[in-house]
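# Remarks on the overall topology
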Amino acid sequence: MKLLVAVKRVIDYNVKVRVKADETGVETANVKMSMNPFDEIAVEEAVRLLEAGTATEVIAVSMGVQQCQETIRTALAMGADRGIHVKTDEELQPLAVAKLLAKIVEKESPDVVILGKQAIDDDSNQTGQMLAGLLGWSQGTFASKIDLAEGKANVTREVDGGLETLAINVPAIITTDLRLNEPRYASLPNIMKAKKKPIEEMSPEDLGVDVAPRLTTLKVTEPAKREGGVKVESVAELVDKLKNEAGVI
Ligand code: AMP
């Protein structure tokens, strides 16, 4: 079984994100970037399937600026076999990414595409679903467990009040949730080995995809600052404040 994994380069989850002064977006200059955490989980799952002999090849795909190659190298160091980089300096929205992935699926014919459930920068939670729609494939989203066998997959999802297990046909799109696995750290020898693994580079034009944004961001602002709290002396004072100041009771 051939697996394609989508890996996005995003601001590292430990970084405190700052809004640009002109409110057009967030500051990315001189900010640490890493692989989207849900995509690390996707790579880990694919590599485990490779190690178990269920998968025969894992291809990591990233789209965006030149530095996305670093994200692909991380996936290769974790155990993916080869990479594909769709290089562009344009802003890529989920529909554009889904269209590019659909073209790569056409070329590579994977059995399963694994994506993160959401990118932590845009929080869109759209790409996997759009890709399934474009391809007409089954989808199992927010997977917390994946059982893959020839021709079908059982995908367990955490829903309100319990676990739901879906049986879906392969080829399929699967998106990963937090509890699916704990991604490994790449070892130094594997980081060295990853340098020799191939990364194919192409452009959106090569794939015949118009990536022009369909959505316009009007503005990005900081959340409202929280006001400081006060200590009350008694329950009576608390009740009084809730009633007469906050107006909630
Ligand atoms: P989103 O729909 O933007 O929340 O992203 C969901 C998932 O789509 C991510 O976790 C990635 O697996 C994939 N994805 C989104 N954008 C990109 C990108 N530029 N390159 C590679 N994968 C991406």
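These numbers come from a predicted model, not from an experiment.

To continue, consider the overall build of the protein. Broken down by element type, the protein carries 6 helices and 11 strands. The principal-axis extent of the C-alpha atoms belonging to the protein is close to 70 × 45 × 40 Å. Counting only contacts in the protein whose residues sit at least 6 apart along the sequence, the fraction spanning at least 24 positions is 71%. Within the structure as shown, the protein displays about 14100 Å² of accessible surface, and the carbon and sulfur contribution to it stands at 50%. Both charge centroids of the protein, one from 31 positive and one from 39 negative side chains, sit 3 Å from each other.

Here we come to the sheet that holds strand S9 (residues 162-169). The mixed open sheet is built from 9 strands, whose spatial order is S9-S8-S7-S10-S6-S1-S4-S5-S11. A single partner strand is all that each edge strand has here, and the edge strands are S9 and strand S11 (199-202). Within this sheet the neighbouring strands show an average axis-to-axis angle of 35°, counted without direction. Bridge count between strand S6 (residues 112-116) and strand S10 (residues 172-176): 5 bridges; the pairing is parallel. Note on S10: the bridge partner recorded for leucine 115 is threonine 175. Relative to the sheet, helix H2 (residues 68-78) contacts strand S4 (57-64), strand S5 (82-87) and S11, its axis offset from that of S5 by approximately 165°. Contacts from helix H3 (residues 94-108) reach strand S1 (2-6), S4, S5, S6 and S11, with the element oriented near 145° to S4.

Take the site of the ligand next. Surrounding the ligand, one finds 19 residues, the nearest of these being Asp39, Ala119, Asn125, Gln126 and Thr127. A distance of 3.0 Å is found between an oxygen atom of the ligand and a backbone nitrogen or oxygen belonging to alanine 6. Asparagine 125 places a main-chain nitrogen or oxygen 2.7 Å from an oxygen atom of the ligand. The leading source of residues in the shell around the ligand is S4, at 3 residues. Its residues placed into classes, the shell around the ligand shows 8 nonpolar, 8 polar and 3 charged.

On the surface, a cluster of negative charge is contributed by Asp89, Glu90, Glu205 and Asp206. Relative to the elements of secondary structure, aspartate 89 occurs in the loop between S5 and H3.

What follows concerns the packing of H3 against helix H4 (residues 127-135). Between H3 and H4, the least distance of the axes is 8 Å, while the angle of their chain directions is 50°. With respect to H4, the element H3 is oriented oblique. The interaxial crossing formed by H3 with H4 has right-handed handedness. Side by side, H3 and H4 meet where Pro94, Leu95, Val97, Ala98, Lys99, Leu101, Ala102 and Val105 of the first sit next to Thr127, Met130, Leu131, Leu134 and Leu135 of the second. Here the residues of the contact of H3 with H4 sort into 11 nonpolar, 1 polar and 1 charged.

About the criteria used
Residues numbered from 1 in each chain as written. Predicted model: local features only at pLDDT ≥ 70, side-chain atom pairs only at ≥ 80, totals over all residues. Heavy atoms only, no water. Helix = DSSP H or I, 4+ residues; strand = E, 2+ residues; numbered from the N terminus. Contact = heavy atoms within 4.5 Å. Areas by Shrake-Rupley, 256 points an atom, 1.4 Å probe, with all protein chains shown as cover. Lys, Arg positive; Asp, Glu negative; His and termini not counted. Charge placed at Lys NZ, Arg CZ, Asp CG, Glu CD. Pairing = 2+ DSSP bridges. Axes fitted to C-alpha atoms, helices over the stretch in contact; angles between N-to-C directions. Near = heavy atom within 4 Å. Polar contact = N/O pair within 3.5 Å; in protein donor to acceptor, adjacent residues only side chain to side chain. Nonpolar A, V, L, I, M, F, W, Y, C, P; charged D, E, K, R; others polar. Patch = residues over 30% accessible without salt bridge, like charges linked within 9 Å, V, L, I, M, F, W, Y side chains within 5 Å. Salt bridge = Lys/Arg side-chain N within 4 Å of Asp/Glu carboxyl O. Parallel < 35°, antiparallel > 145°, perpendicular 65-115°, else oblique. Left-handed = near helix turned anticlockwise from the far one by under 90°.

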